[in-house]
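What follows is each chain in one-letter form.
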Amino acid sequence: MGFMSKILGERDSRNAEDYVELNLDDFDTATSDAAMQVHIAEIQGQQDVIAIKDAIYDGDLVVADITRLRTEDTTVERITNELQQVAREVDGDIVQKGDDQILVTPTGINVSREKLGR
């Protein structure tokens with residue numbers, strides 16, 4: 001074992017016992033004190049956009065799964081245009097992550113286009 005390995009530990013020597021499973025029952029998950037919530041949405045059609053727009057107007061962040069829309073290009077375009085308009089109206093931000101997720105943020109929250117780490 002080298003000097004740096006003694007300080008930092010072996011990187012490849014981790015196993016399942018090194019991790020602790022967290023039980024959400026041990027934590028207070030009340031949202032009354034939160035200034036913003038993060039919503040997870042699944043968009044299957046145009047009707048799902050209404051709830052997303054309401055959440056953005058309420059000041060919440062939405063991560064929307066658009067996996068089911070890949071085959072319907074006109075629907076995807078219409079939905080993304082509508083969500084872009086909402087993001088502009090509230091001075092938020094909107095980005096697409098890969099082919100399957102859209103992040104829409106409320107007022108004052110921007111999504112960095114640079115990845116962290118490597």
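This text follows the structure it describes.
These notes cover the structure that comes with them.

Thresholds applied
Residues numbered from 1 in each chain as written. Predicted model: local features only at pLDDT ≥ 70, side-chain atom pairs only at ≥ 80, totals over all residues. Heavy atoms only, no water. Pairing = 2+ DSSP bridges. Helix = DSSP H or I, 4+ residues; strand = E, 2+ residues; numbered from the N terminus. Right-handed = clockwise from strand over helix to strand, strands pointing away. Salt bridge = Lys/Arg side-chain N within 4 Å of Asp/Glu carboxyl O. Buried < 20%, exposed > 50% of the residue type's maximum accessible area, 1.4 Å probe, protein only. Axes fitted to C-alpha atoms, helices over the stretch in contact; angles between N-to-C directions.

Brief notes about the pairing of strand β1 (residues 38-42)
Working step 1: When β1 meets strand β2 (residues 61-65), the two strands line up parallel, connected through five bridges. Each residue of the ladder has a partner; that of Ala41, found in β2, is Ala64.
Working step 2: Regarding the hand of the β-α-β motif, the stretch spanning β1, helix α2 (residues 49-57) and β2 is right-handed.

Examining the pattern of salt bridges
Working step 1: For the structure shown, the criterion picks out three salt bridges.
Working step 2: Of the charged contacts, one joins Glu42 and Arg68 as a salt bridge, the two residues approaching to 2.8 Å between their closest N and O atoms. One end of the pair, Glu42, is in strand β1; the other, Arg68, is in the loop between β2 and α3 (73-89), with 26 residues separating them in the sequence.
Working step 3: What makes Arg68 exposed here is its relative accessible area of 54%.
Working step 4: With its nearest N and O atoms 3.0 Å apart, the salt bridge here joins Glu82 to Lys53. Of this pair, Glu82 sits in helix α3 while Lys53 sits in helix α2, and the two are 29 residues apart along the sequence.
Working step 5: Given a relative accessible area of 22%, Glu82 falls into the partly exposed group.

Concerning the sheet that holds β1
Working step 1: With mixed pairing, the four strands of this open sheet are ordered in space as β1-β2-β4-β3. The open sheet has two free edges, formed respectively by β1 and β3 (93-97), since each of these has just one partner strand. Adjacent strand axes in the sheet meet at a mean angle of 15° when their direction is disregarded.
Working step 2: Judged from the five bridges that link them, β3 and strand β4 (residues 101-105) form a sheet pairing that is antiparallel. Bridge pairing in β4 places Ile94 opposite Val104.

Geometry only, nothing functional implied.
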